[in-house]
2 protein chains.
Amino acid sequence: MENMVRVALDAMGGDYAPKEMVKGAVEAVKERSDVKVFLVGIEEQITKELSQYTYPEEQIEVVGASEVIINDEPPVNAIRKKKDSSIVKAMTMVKNQEADAFVSAGSTGAVLVGGQLIVGRISGIKRAPLAPLIPTTKGVSLLIDCGANVDAKAPHLLQFAKMGSIYMEHVVGIKNPRVAIVNVGLEEEKGNALVKETYPLLKNCPDINFIGSIEAREIPNGYADVIVCEAFVGNVILKLYEGLGSALLHKVKEGLMSTLRSKIGALLIKPALKKTMKDFDADKYGGAPLLGLNGLVVKIHGNAEANTVKTAITQCITFGKQEINQKIRDGLDQEGTVEQ
Amino acid sequence: MENMVRVALDAMGGDYAPKEMVKGAVEAVKERSDVKVFLVGIEEQITKELSQYTYPEEQIEVVGASEVIINDEPPVNAIRKKKDSSIVKAMTMVKNQEADAFVSAGSTGAVLVGGQLIVGRISGIKRAPLAPLIPTTKGVSLLIDCGANVDAKAPHLLQFAKMGSIYMEHVVGIKNPRVAIVNVGLEEEKGNALVKETYPLLKNCPDINFIGSIEAREIPNGYADVIVCEAFVGNVILKLYEGLGSALLHKVKEGLMSTLRSKIGALLIKPALKKTMKDFDADKYGGAPLLGLNGLVVKIHGNAEANTVKTAITQCITFGKQEINQKIRDGLDQEGTVEQ
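Residues numbered from 1 in each chain as written. Chains lettered and ligands numbered in written order. Predicted model: local features only at pLDDT ≥ 70, side-chain atom pairs only at ≥ 80, totals over all residues. Heavy atoms only, no water.

Asks: Help me understand the sheet that holds strand S4 (residues 101–104) of chain A, please; the structure alone is not making it clear to me.
Replies: Backbone-to-backbone hydrogen bonds pair the strands of a sheet. The strands run either parallel or antiparallel. Residues and elements named next belong to chain A. Reading across from one edge, S3-S2-S1-S4-S11-S10 is the order of the six strands in this open sheet, with mixed pairing throughout. The open sheet has two free edges, formed respectively by strand S3 (60–64) and strand S10 (288–290), since each of these has just one partner strand. Taken pair by pair, the neighbouring strands of this sheet meet at an average axis angle of 25°, ignoring direction. Looking at chain direction, S10 and strand S11 (residues 296–299) are connected through three bridges and run antiparallel. Looking at S11, one finds that Pro289 is bridged to Val298. Strand contacts of helix H5 (residues 108–119): S4, S10 and S11, with the helix running at about 175° to S11, the strand carrying the most contacts. (Pairing = 2+ DSSP bridges. Helix = DSSP H or I, 4+ residues; strand = E, 2+ residues; numbered from the N terminus. Axes fitted to C-alpha atoms, helices over the stretch in contact; angles between N-to-C directions. Contact = heavy atoms within 4.5 Å.)

Asks: Please clarify how the packing of aromatic side chains should be interpreted in this entry.
Replies: The description of an aromatic ring pair uses the distance of the two centres, along with the angle that the planes make with each other. Residue and element names in this part refer to chain A. Under the defined criterion, the tally for this structure stands at four aromatic pairs over all chains. Residues Tyr167 and Phe319 carry aromatic rings whose centres are separated by 6.1 Å and whose planes lie at 45° to one another, so their mutual orientation is tilted. Taken together, the residues Tyr167 in helix H6 (residues 154–172) and Phe319 in helix H10 (residues 306–321) connect sequence positions 152 residues apart. Each member of the pair, Tyr167 as well as Phe319, carries the same accessibility label: buried. (Phe/Tyr/Trp six-rings, centres within 6.5 Å; stacked < 30°, edge-to-face > 60°. Buried < 20%, exposed > 50% of the residue type's maximum accessible area, 1.4 Å probe, protein only.)

Asks: Looking at this structure, I do not really get the interface of chain A and chain B. What am I missing?
Replies: Accessible area lost during the coming together of the parts is what is often quoted as the interface size. Across the boundary between the two partners, chain A contributes 52 residues, which contact 52 residues of chain B. Counting the surface chain A buries against chain B, the share from its top three residues, Phe232, Leu240 and Lys251 of chain A, is 14%. Seen at the junction of chain A and chain B, the total is four salt bridges. Across the salt bridge formed by Arg217 of chain B and Glu242 of chain A, the nearest N and O atoms sit 3.2 Å from each other. Broken down by secondary-structure element, the contributors of at least two residues to the side of chain A that touches chain B are helix H7 (193–203), helix H8 (231–256) and helix H9 (260–279) of chain A. Tallying contributions element by element places H8 of chain A first for the side of chain A that touches chain B, with 19 residues. When the residues that make up the side of chain A that touches chain B are grouped by side-chain class, the tally is 29 nonpolar, 15 polar and eight charged. (Buried area = accessible area lost by both parts, 1.4 Å probe. Salt bridge = Lys/Arg side-chain N within 4 Å of Asp/Glu carboxyl O. Nonpolar A, V, L, I, M, F, W, Y, C, P; charged D, E, K, R; others polar.)

Asks: For this particular structure, what's the right way to read the sheet that holds strand S3 (residues 60–64) of chain B?
Replies: Residues and elements named next belong to chain B. Across the sheet, which stays open at both edges, the six strands sit in the order S3-S2-S1-S4-S11-S10 with mixed pairing between neighbours. Edge strands, defined here as strands with exactly one partner in the open sheet, are S3 and strand S10 (288–290). Geometrically, the sheet is characterised by an average inter-axis angle of 25° between neighbouring strands, direction not taken into account. Pairing of strand S1 (residues 5–10) with strand S2 (residues 35–41) involves six bridges; the strand directions are parallel. Of the residues in S2, the one forming a bridge with Asp10 is Val40. Where helix H5 (residues 108–119) meets the sheet, it contacts strand S4 (101–104), S10 and strand S11 (296–299), and its direction lies at approximately 175° from that of S11.

Asks: Can you walk me through empty space enclosed by the protein in this structure?
Replies: In this approach, a probe sized like a water molecule rolls over the atoms, and the result shows the empty space that is left. Residue and element names in this part refer to chain A. Evaluated as defined, the whole model comprises two cavities of 30 Å³ or more. Its volume calculated, the largest cavity comes out at about 60 Å³. Every residue lining the largest cavity is listed: Ile125, Gln159, Lys162, Met163, Ile166, Ile328, Gly331 and Leu332. Put simply, the parts of the chain that give the lining of the largest cavity at least two residues each are H6 and helix H11 (324–335). Ranked by residue count, the leading element in the lining of the largest cavity is H6, at four residues. (1 Å grid on protein atoms, 1.4 Å probe; cavity = no way out; pocket = protein on both sides within 12 Å on 5 of 7 lines; lining within 4 Å. Points joined across faces, edges and corners; volume = space filled by probe spheres on them.)

Asks: When you look at H6 of chain A in this model, what are you seeing that I'm missing?
Replies: Residues and elements named next belong to chain A. Across its 19 residues, H6 extends 26 Å between first and last C-alpha, which sits within 8% of the 27 Å expected from 1.5 Å per residue. With 16 of its 19 residues buried, H6 lies for the most part within the structure. Looking one or two places after H6, you find Gly173, whose phi comes out positive at around 90°. (Expected span 1.5 Å × (residues − 1).)

Asks: Please explain the side chain of Thr136 of chain B as it appears in this structure.
Replies: Residues and elements named next belong to chain B. Locating Thr136 in the fold gives a position in strand S5 (residues 133–136). Looking at Thr136, its side chain comes within polar contact range of the main-chain nitrogen of Lys138, at 3.1 Å. Reaching out from Thr136, the side chain makes a polar contact with the backbone nitrogen of Gly139 at a distance of 3.0 Å. The contacts of Thr136, once residues within four sequence positions are left out, are Ser141, Ile219, Pro220, Asn221, Gly222, Tyr241 and Phe280. (Polar contact = N/O pair within 3.5 Å; in protein donor to acceptor, adjacent residues only side chain to side chain.)

Asks: Even after reading the chapter, I still don't get the relation of the copies chain A and chain B, so can you show me in this structure?
Replies: Think of it as a corkscrew move, a rotation about one axis and a shift along it, taking one chain copy to the other. At an RMSD of 0.0 Å, chain A and chain B line up after a rotation of 180° and a shift of 0.0 Å along the axis. The operation mapping one copy onto its partner corresponds to a two-fold rotation axis. Identified as the residue of chain A closest to the rotation axis by C-alpha distance is Gly265 of chain A, at 2.0 Å. Of all interface residues in chain A, 100% are interface residues in chain B too; the two copies therefore contact each other through one and the same surface. (Least-squares fit on C-alpha atoms with pLDDT ≥ 70 in both.)

Asks: Just to check I follow, could you spell out the pairing of strand S6 (residues 139–144) of chain B for this structure?
Replies: Looking along a regular strand, one sees the side chains alternate between the two faces of the sheet. All names here are of chain B. Burial within S6 is extensive, with six of its six residues counted as buried. Note: S5 against S6, four bridges, orientation antiparallel. Among the inter-strand pairings, Pro135 is bridged to a residue of S6, identified as Val140. The loop that links S5 with its antiparallel partner S6 comprises two residues. In the sheet, S6 pairs with strand S9 (residues 226–228) via three bridges, with the strands oriented parallel. Counterpart to Ile144 in the pairing with S9 is Val228.

Asks: Honestly, the packing of H9 of chain A against helix H9 (residues 260–279) of chain B in this entry has me stumped. Any pointers?
Replies: What describes two packed helices is the angle between their axes and the distance between those same axes. It is at 7 Å that the axes of H9 of chain A and H9 of chain B come closest, and there the two elements cross at 140°. Judged by the angle between their axes, H9 of chain A and H9 of chain B are oblique. When the axes of H9 of chain A and H9 of chain B are compared, the crossing they make is left-handed. Here Arg261, Ser262, Ile264, Gly265, Ala266, Leu267, Leu268, Ile269, Pro271 and Ala272 of chain A of H9 of chain A lie close against H9 of chain B, whose contacting residues are Arg261, Ser262, Ile264, Gly265, Ala266, Leu267, Leu268, Ile269, Pro271 and Ala272 of chain B. When the residues that make up the contact of H9 of chain A with H9 of chain B are grouped by side-chain class, the tally is 14 nonpolar, four polar and two charged. (Parallel < 35°, antiparallel > 145°, perpendicular 65-115°, else oblique. Left-handed = near helix turned anticlockwise from the far one by under 90°.)

Purely spatial values, then, with no claim about function.
Here's what the structure looks like:
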């Protein structure tokens, strides 16, 4: 049991909970013997779902939590008041080192707040960035930070770059990941005050492979592996990615349905197009980690199904085995404490 | 001649200059009798192009300028040193009220710098925002500001909202345009310091139809007509729009070429898809105006062809006839001088 990574899964979070959460957990433990999954949530519902499957029973444990935090609730309130919710209970397990990682498809706000308030940051880490993987034409890039802490300062962005590099190298498996900062031009003198202040810190940091600025136009082309930005900008990039992608596909579909000729064509291209669009999907690399906490917190999409849950659990195993948080701590020690 | 709008066109700017610039000017004056176009640039080249066409000759005049500012030049330097360039010369005509508007497909940087240094801002306007139209599933929205002035302050954004509203209503023809501010959530308390400070200014401004925050996800759906943001964020949105659009289309094309079946389908859908994608093109509404200057400055794409040039010239006619700058000045008077 010592080498087992322990994952607390929010069985009640997401559009298809608990069904797909439980299914994903079962699939994960069937595939991997080095993980134990705690299914946290309403015991009766979880047990009922679980009863449909055969699986190595010692690898799944149900942990009862009677409350559920929903998406519309103000996160700070929800975390403070719903002490017996699946999110609060599972995060408390991470805090108490009864679990190494937490995975949730529930309220992003609650996960972000709970990460800070319950799990807590690694000593010396000033901000815990949310770092989703975004699809590119070449694979995937880590966009750090897309979280709730806007108006970050330059030393925070330096920490993001370092944590992001460690994550991409040891969890996603990109050797010597290229780090770039989101900017309005490529020249070093370009940018707003924050970027101008951050640029030299990144340039002079020996721990990362800094390649300079990245214009938003180049993000979808996979020009960099770790894309550093302040959370407001990251949020805009992430949401525009989602919105523009679906708007364009909607337009394409509309065009395909416009004539008889194109309707026939649409039938012919459907399988190939579906495969291509699946390639352009970051979910297969796991969920978005909230980095710099005393334990791993992973946010997956609200519409996540079993396969995404399984991938996220696998991601937690890699994170645990690679001792990512120890590597983050080592990085801090080398540099001394980063000022606020 | 009194009701003629006078447009100084940078005949040397863009990938297809002077050929497509001259052609666009000819097409414009053939269609509209209420415009005079000054073709500014290397006289010999322009005259040679012009000689291919018949057109109302009193509506086109060639203005010689021996130098050309190229895209790679540092803009401030270029504007200061190349006094006989098409951009500097044409902008000087606007400054001296020999022309009402300036159109260029040349260096964006030089156009932005020249707008500020040569044409100059309307008294009381603190910043001149670049406001491109971006395509949405429902038509087009004005994204203001995407220019070079990063780190704007709340009163600047209020001016952007007002100028953008006037432009959308009187040039693009959207009645009572909906104004929204780019934000990371919809609630009034969400946002970074700048957005939190700007939100109440917009909410309490009687001159605009403020509908609240807009998340980047909703931008492509045409949720608002005037999208207010600070230039760094606007630049990221504009460039990601371009980059993600072409990356997705590249992926779709790749998918279409992957099997024989999909190749046949691709042939069938091509005409319908082409038409759809053309609908998703903001160029048909004209170029990006640089607002708040003593005269109109319009930036069109570097790869602009005659049709885009013609549309931009038509846009200048509307701008002139609608007396947009007078409306902007009136707006300032009502509110008193806006503080820095």
